[in-house]
Amino acid sequence: MTANDANFMLFPNITDCSYVSCYCEENVWKLCEQVKKTHPSELSKCYAVFVSNERRTVPLWRQKAGRGDEKLVIWDYHVFFMHNPSPNRCLVFDLDTTLPFPTYFHKYVTETFRSDYALTPEHHRFFRVIPAEKYLAEFSSDRRHMRRPDGSWIKPPPSYPPIQTTGSSHSLDDFICMKPGRGPGAVYDLLHFVQQFYKPPDRNIGTKTQN
């Protein structure tokens, strides 16, 4: 099976993916790294997506760490991986969701983020979308955010060394920040994020439209 096949999947089995609970930013970095090694021609069609807001309180549904039947959780931020091989095909790979791995973009967004209309403004979600190649080159983390004041770990870290770049030991905050002009990639609100990556089938082909 090649990347041009409709059923092609970058990650056929979730069990083959690197995963450490509560280190979603590193899990996604590892997915990008895996694509670069195994399917380098697809890397330009892949993205790391950070979800957060100014107050760092973003509600997400269908999360493994969530509560109740709807698996609702409020994170300070979350990160997932997207593969957008064609205008009409975008897949989300989220290692923390209860939805299938992967899930088509529209289904993932609908069930995970629902709508901002029923939420107070401080819970509105914003999305920083970073091309995978840029994410591999610029992301770094010394994991300071996962340490308590006494230096102990809030959650056990990955067994591999911290991800570093030649210019930075910790750039995570620039990725979580949703202020325009700061950090890599592009920032969208929920509506414009959906408009950017969801291209519904044209149901008006062959019909007359009014200007």
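Residues numbered from 1 in each chain as written. Predicted model: local features only at pLDDT ≥ 70, side-chain atom pairs only at ≥ 80, totals over all residues. Heavy atoms only, no water.

Section: the UniProt feature "domain: Protein N-terminal glutamine amidohydrolase alpha beta roll" (unreviewed entry) in the protein chain
Item 1. Those places that UniProt annotates as "domain: Protein N-terminal glutamine amidohydrolase alpha beta roll" (unreviewed entry) correspond, in this numbering, to residues 19-197.
Item 2. Secondary structure across residues 19-197 divides into 24% helix and 22% strand, with the first and last C-alpha atoms of the span separated by 26 Å. (UniProt positions renumbered as here; feature names shortened; annotations may be inferred. Helix = DSSP H or I, 4+ residues; strand = E, 2+ residues; numbered from the N terminus.)

Examining the pairing of strand E1 (residues 46-52)
Item 1. Burial within E1 is extensive, with seven of its seven residues counted as buried.
Item 2. Both faces of E1 are covered, namely the face carrying Cys 46, Ala 48, Phe 50 and Ser 52 and the face carrying Tyr 47, Val 49 and Val 51.
Item 3. Here E1 pairs with strand E7 (residues 126-131) via six bridges, running antiparallel. Across the sheet, Phe 50 pairs through a bridge with Arg 128, a residue of E7. (Buried < 20%, exposed > 50% of the residue type's maximum accessible area, 1.4 Å probe, protein only. Pairing = 2+ DSSP bridges.)

A look at the pattern of salt bridges
Where charged atoms from two side chains of opposite charge approach closely, those side chains can pair.
Item 1. Across all of its chains, the model carries twelve salt bridges by this definition.
Item 2. Of the charged contacts in the structure, one is a salt bridge between Glu 111 and Arg 62, with a shortest N-O distance of 3.3 Å. Taken together, the residues span a long stretch of sequence, with Glu 111 in helix H2 (residues 105-112) and Arg 62 in the loop between strand E2 (58-60) and strand E3 (73-75) at a distance of 49 residues.
Item 3. Lys 134 is the partner of Glu 138 in a salt bridge, and the nearest nitrogen-oxygen pair spans 3.0 Å. Linking Glu 138 with Lys 134, this pair stays in helix H3 (residues 132-138), spanning four residues, or about one helical turn. (Salt bridge = Lys/Arg side-chain N within 4 Å of Asp/Glu carboxyl O.)

Some remarks on the sheet that holds strand E5 (residues 89-93)
Item 1. Spatial strand order, E6-E5-E4-E1-E7-E8: six strands in an open sheet with antiparallel pairing. Looking along the sheet, the strands with just one partner apiece sit at the ends: strand E6 (103-104) and strand E8 (186-189).
Item 2. Looking at chain direction, E1 and strand E4 (residues 78-86) are connected through six bridges and run antiparallel. By the bridge assignment for E4, Val 51 is matched with His 78.
Item 3. Those strands touched by helix H1 (residues 24-38) are E1 and E4, and its axis lies near 25° from that of E4. (Contact = heavy atoms within 4.5 Å. Axes fitted to C-alpha atoms, helices over the stretch in contact; angles between N-to-C directions.)

Focus: the packing of aromatic side chains
Two aromatic rings, taken as a pair, are described by how far apart their centres are and by the angle between their planes.
Item 1. Tallying each qualifying case throughout the model produces 20 aromatic pairs.
Item 2. Aromatic pair Tyr 135 and Phe 175: ring centres 5.5 Å apart, planes at 75°, arrangement edge-to-face. Of the two residues, Tyr 135 sits in helix H3 while Phe 175 sits in helix H4 (residues 172-176), which places them 40 residues apart along the sequence. Just as Tyr 135 is buried, Phe 175 falls in that class too.
Item 3. Aromatic ring contacts, followed pair by pair, group Tyr 47, Phe 80, Phe 105, Tyr 108, Phe 113, Phe 127, Phe 193 and Phe 197 into a single cluster.
Item 4. The positively charged end of Lys 30 is found above the aromatic ring belonging to Tyr 160, 4.2 Å away from the centroid.
Item 5. The ring of Trp 153 has Arg 147 sitting right over it, with the charged end atom 3.7 Å from the ring centre. (Phe/Tyr/Trp six-rings, centres within 6.5 Å; stacked < 30°, edge-to-face > 60°. Lys NZ or Arg CZ within 6 Å of the ring centre and 35° of its normal.)

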